[in-house]
2 protein chains.
Amino acid sequence: MLHVAEAARVSVATVSALLNGTATVSPELTQRIEQAIRDIGYKRNAIARSLKMGTTRTIGLTVPHITNPFFTDVVSVIQQAFDRAGYAVMLCCTDEDLNTQDEQIRLLLDRMVDGLIVARVGDGGILKGIVEDANVPVVLLDRLCEGVDTDAVVLDNQRAVFDAVTYLIHLGHRRIGYITGTSDISPMHDRMIGYREALQAAGLPVAEELIRSGNFHEIDGYNATMQLLSLHDRPSAIFSANNPMVIGTMKAIRDIGLSCPEDISVACFDDFPWSDVFVPQLTTVAQPVQAIGEQAANLLLDRLAGNRDAPPRKLVLKGRLMIRNSCRPLGALAQSVSA
Amino acid sequence: MLHVAEAARVSVATVSALLNGTATVSPELTQRIEQAIRDIGYKRNAIARSLKMGTTRTIGLTVPHITNPFFTDVVSVIQQAFDRAGYAVMLCCTDEDLNTQDEQIRLLLDRMVDGLIVARVGDGGILKGIVEDANVPVVLLDRLCEGVDTDAVVLDNQRAVFDAVTYLIHLGHRRIGYITGTSDISPMHDRMIGYREALQAAGLPVAEELIRSGNFHEIDGYNATMQLLSLHDRPSAIFSANNPMVIGTMKAIRDIGLSCPEDISVACFDDFPWSDVFVPQLTTVAQPVQAIGEQAANLLLDRLAGNRDAPPRKLVLKGRLMIRNSCRPLGALAQSVSA
DNA sequence: AACGCTAATCTAAACGTTTCGAATGTGTCA
DNA sequence: TGACACATTCGAAACGTTTAGATTAGCGTT
């Protein structure tokens, strides 16, 4: 900017005023300055600007795994939304590890991000302190966090699983296996409640041996399914509360020599682009990823626009059961269908 | 830092020296400073540091679509690699649009990223100028760019498709449909050459009506496949050079009442986690995503470590044909197999 | 006792902006 | 003609660091 000012024979203050439109500058100087900018190929240094202004027009986004199709989609939507608003997005993957998350949040804060969108992990770690200090607005994504009172966008997980399991019950299933991630995060907790309540509402017992948990990875789904299938009174259906884990479920079913849906019905959380292309077409609970991403972005953008004092807003969106053909009717129902 | 210095009754220079280890400071002052840092909860401001140092420990990464499973995986690997090295990653999605890409690169450069990894779009746009000015190192990912001479990591696309199409020919296929993305990017260009050469090497004619192109989206694959399947002498196999488009291919086959592989064989580029779980298990060309991401990160980290003057390095990795069961043998071969 | 050496610490300038308040010039009005 | 308002431009401080060079203190030598 100094060079531009010299070349245009004006002060840096005038150049700045022109660039920001903070004061009127005469047509003559405008002309000279613009010429100088072109000649020099000048680009305003956003770092210096950030230092002075205290704002970086950058936000931080942390998710457990970007390869989880739910997060892939949500990240994509969020990125686009902030791109439109002229913000850059720093992306971090926490790998479901609390220490990693804390470290990354610190990294982002050091870099003076204007806001944070967090699909948190563990108990939230330093998040609590950050929200309380209230210097940078935080939006919780997908997962609430006990003791952290801030904007959030989540799914009505309990209801979504309740509906899915009720659907299985209506098909005639009585023993329904349930595979969950670690229950320290709210969606897993709420989904489990949905499962139990659906059974109870139908007057069915909750058999603890049908509930298995793992650490969100394909291999965990595989192992959990293997255990369920080797039960002497094995379930006729399995619901997987996590998308990557259902891949393991399908592989286990195949490896054990069974087939879906003939021998065992399968449904899972989170839709994905391939789900209605292949056989079996998987019945899933689809999250409104577009809406989730946009709402999260909007909440944060609203705070960034200056609306700091409004009380925390919690948006709860509805899932949608995508009924395909990976679950088959049992007993009397099966006969009436096959007849 | 000023507050810390005051609280510890030292100068800011001493605090800085301690924090950076650039000079020895006495045990006594060390003690006082560390205490003050704890008391105040001081965090070093990375923006001010960046301004002074001219480095942000942040890199920019642009890809066309993060939802394309190839890019999802590569982005994930790259993010992890830079995270380990203490760098933050700014992610941008260009949506296959050159103007968007130019704008995002400018945005990243304004923010003084230390380096750039670009899966470019169109003809590269302002990339050329940036590489020539050589202020910030650039690594090309997946796609080379004419006239842009810099580090790059790409696949041997020609060879990969050559192998895949040759495999189809060995199965007895003579009319092989080919669906490509827009040919202005190097992988699409090279893959097409691989297709043509495989046919020629086998003494087969290249029938132009069997070649269709689209814009990388599912719907384009759908339309292209519909056209191929309504040819009066329709192909017995289809190779899709792009992963998202193959979803459209599968849907078109289903909608038209055919089935894969019985009526038509399908193979495509890019492997994905679901490919060996469902029916048909898709035969794909798997890219070594882990290696691609790591190599790209390493090339850039090497430049960032100071190795600026080495000539551009171009890494060409090999794809791997994952043979599953979406392609069936034809003619005499089919009989010998079914016998 | 004066000197030089080393180690520890400090002062102050710089990085590239923004912005406040002052300075300058021009035209209007009494 | 002098006072005043207004529009335009400028000088300089500030944002929070790093760092070169200056200063100081401590200590062994001669």
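No experiment lies behind these values; they were computed from the predicted model shown. (Residues numbered from 1 in each chain as written. Chains lettered and ligands numbered in written order. Predicted model: local features only at pLDDT ≥ 70, side-chain atom pairs only at ≥ 80, totals over all residues.)

**Student:** Sorry if this is basic, but what is going on with the overall build of chain A here?
**Tutor:** Summing up its helical and strand segments, chain A has 13 helices and twelve strands in all. A compact globule built from 339 residues would reach a C-alpha radius of gyration of about 20 Å, whereas chain A, at 26 Å, exceeds it by more than 25%. Here the C-alpha coordinates of chain A stretch approximately 90 × 40 × 30 Å along the principal axes. Taken over 339 residues, chain A has a buried fraction of 49%. When contacts within chain A are restricted to residue pairs at least 6 apart in sequence, long-range pairs at least 24 apart make up 68% of them. (Helix = DSSP H or I, 4+ residues; strand = E, 2+ residues; numbered from the N terminus. Rg over C-alpha atoms; globule rule 2.2 N^0.38 Å. Buried ≥ 20, exposed ≤ 12 C-beta atoms within 10 Å, placed from the backbone. Contact = placed C-beta atoms within 7 Å.)

**Student:** Would you take a moment to explain the UniProt feature "domain: HTH lacI-type" (unreviewed entry) in chain A for this structure?
**Tutor:** Per the UniProt record, "domain: HTH lacI-type" (unreviewed entry) is annotated on residues 1–53 of chain A. Between the end C-alpha atoms of residues 1–53 of chain A the distance is 17 Å, and the span holds 72% helix and 0% strand. (UniProt positions renumbered as here; feature names shortened; annotations may be inferred.)

**Student:** Which parts of the structure should I look at to understand the sheet that holds strand S12 (residues 320–322) of chain B?
**Tutor:** One key point about sheets: their strands pair by backbone hydrogen bonds, in either a parallel or an antiparallel sense. Residues and elements named next belong to chain B. Here we have six strands laid out as an open sheet, ordered S7-S6-S8-S9-S10-S12, and mixed in their pairing. Two strands in the sheet have a free side with no partner beyond their single neighbour: strand S7 (211–213) and S12. Averaged over neighbouring strand pairs, the angle between their axes works out to 15° when direction is ignored. Examined bridge by bridge, strand S6 (residues 176–180) and strand S8 (residues 237–240) share four bridges and lie parallel to one another. Of the residues in S8, the one forming a bridge with Ile176 is Ala237. (Pairing = 2+ DSSP bridges. Axes fitted to C-alpha atoms, helices over the stretch in contact; angles between N-to-C directions.)

**Student:** I would appreciate a short explanation of the interface of chain B and chain A in the present structure.
**Tutor:** Accessible area lost on assembly of the parts is the figure often given for the size of an interface. Counting residues at the interface gives 37 residues for chain B and 37 residues for chain A. Elements with a minimum of two residues in the side of chain B that touches chain A: helix H4 (46–53), helix H5 (69–84), strand S2 (88–93), helix H6 (98–110) and helix H11 (243–255) of chain B. Class assignment for the residues of the side of chain B that touches chain A results in 22 nonpolar, eight polar and seven charged. (Nonpolar A, V, L, I, M, F, W, Y, C, P; charged D, E, K, R; others polar.)

**Student:** Is there a simple way to think about the relation of the copies chain B and chain A in this case?
**Tutor:** The operation relating the pair of chain copies consists of a rotation about an axis and a translation along that axis. For the pair chain B and chain A, the relating rotation is 180°, the translation along its axis is 0.0 Å, and the fit reaches an RMSD of 0.1 Å. Such a combination of turn and shift is consistent with a two-fold rotation axis. When the interface residues of chain B are mapped onto chain A, 100% of them again lie at the interface, so the same face is used by both copies. (Least-squares fit on C-alpha atoms with pLDDT ≥ 70 in both.)

**Student:** Would you explain the nonpolar core in this entry?
**Tutor:** A:Val89, A:Phe239, B:Val89 and B:Phe239 are the most contacted members of the largest nonpolar core, which totals 186 residues. Not counting chain neighbours up to four residues away, the residues in contact with B:Phe239 comprise B:Ala164, B:Val165, B:Leu168, B:Ile176, B:Tyr178, B:Tyr195, B:Ala267 and B:Cys268. (Core = buried A, V, L, I, M, F, W, Y, C linked by C-beta atoms within 7 Å.)

**Student:** What should I look at first to understand the packing of helix H10 (residues 218–229) of chain B against H11(B) in this one?
**Tutor:** For any two helices packed against each other, the geometry comes down to the angle between their axes and how far apart the axes lie. Residues and elements named next belong to chain B. With their axes 6 Å apart at the nearest point, H10 and H11 run at an angle of 45° to one another. With respect to their mutual orientation, H10 and H11 come out oblique. Like other packed secondary-structure pairs, H10 and H11 cross with a definite hand, here right-handed. Mapping the contact onto sequence places Glu218, Ile219, Asp220, Gly221, Tyr222, Thr225, Met226 and Leu229 in H10 and Pro244, Met245, Val246, Ile247, Gly248, Thr249, Lys251, Ala252 and Ile253 in H11. (Parallel < 35°, antiparallel > 145°, perpendicular 65-115°, else oblique. Left-handed = near helix turned anticlockwise from the far one by under 90°.)

**Student:** What is the right way to read the sheet that holds strand S8 (residues 237–240) of chain A from this model?
**Tutor:** Residues and elements named next belong to chain A. Ordered in space as S7-S6-S8-S9-S10-S12, the six strands form an open sheet in which the pairing is mixed. Each end of this open sheet is capped by a strand with a single partner; those strands are strand S7 (211–213) and strand S12 (320–322). Across the sheet, the axes of successive neighbouring strands diverge by a mean angle of 15°, strand direction being ignored. With three bridges connecting them, strand S9 (residues 265–269) and strand S10 (residues 283–286) associate as parallel partners. Opposite Phe269, over in S10, you have Val285 as the bridge partner. Where helix H8 (residues 157–170) meets the sheet, it contacts strand S6 (176–180), S8, S9, S10 and S12, and its direction lies at approximately 170° from that of S8. Across the sheet, helix H10 (residues 218–229) is in contact with S6, S7 and S8; its angle to S6 comes to roughly 155°.

**Student:** What is the right way to read the environment of B:Ile37 from this model?
**Tutor:** Residues and elements named next belong to chain B. By the secondary structure assignment, Ile37 is in helix H3 (residues 27–40). Classification of Ile37 by C-beta neighbours within 10 Å gives buried; the count is 20. Measuring from C-alpha to C-alpha, the distance between Ile37 and Thr249 comes to 61 Å, with 212 residues separating the pair along the chain. When near neighbours in sequence (up to four residues on either side) are disregarded, Ile37 contacts Val4 and Tyr42.

**Student:** It is not clear to me how unusual backbone geometry should be interpreted in this structure. Could you clarify?
**Tutor:** A negative phi angle characterises most non-glycine residues, just as the trans form characterises most peptide bonds. Cis peptide bonds are those with omega within 30 degrees of zero, and the linkage from A:Val279 to A:Pro280 qualifies with -5°. Tracing the backbone shows A:Pro280 in the loop between S9 and S10. In the segment running from B:Cys260 into B:Pro261, the intervening peptide bond is cis, with an omega of 10°. Structurally, the position occupied by B:Pro261 is in the loop between H11 and strand S9 (265–269). Non-glycine residue A:Asp142 carries a positive phi angle of around 70°. Structurally, A:Asp142 can be placed in the loop between strand S4 (138–141) and strand S5 (151–155). Even without glycine at this site, B:Phe216 takes up a positive phi of about 75°.

**Student:** Looking at this structure, how should I read the protein's contact with DNA strand C?
**Tutor:** The local shell around DNA strand C holds 29 residues, among which A:Met1, A:Ala13, A:Ser16, A:Asn45 and B:Ala13 are the closest. For the surface near DNA strand C, the elements supplying multiple residues, two or more each, are helix H2 (12–20) and helix H4 (46–53) of chain A together with helix H2 (12–20), H3 and H4 of chain B. No other element matches H2(A), which puts six residues into the surface near DNA strand C. Split into classes, the residues belonging to the surface near DNA strand C amount to 16 nonpolar, eight polar and five charged. (Near = placed C-beta within 6 Å.)

**Student:** Hey, could you run me through the protein's contact with DNA strand D in this one?
**Tutor:** Surveying the vicinity of DNA strand D reveals 29 residues, the closest of which are A:Ala13, A:Ser26, B:Met1, B:Ser16 and B:Asn45. The set of elements that each furnish at least two residues to the surface near DNA strand D consists of H2, helix H3 (27–40) and H4 of chain A together with H2 and H4 of chain B. The element that contributes the greatest number of residues to the surface near DNA strand D is H2(B), accounting for six residues. Among the residues making up the surface near DNA strand D, the classes are represented as 16 nonpolar, eight polar and five charged.

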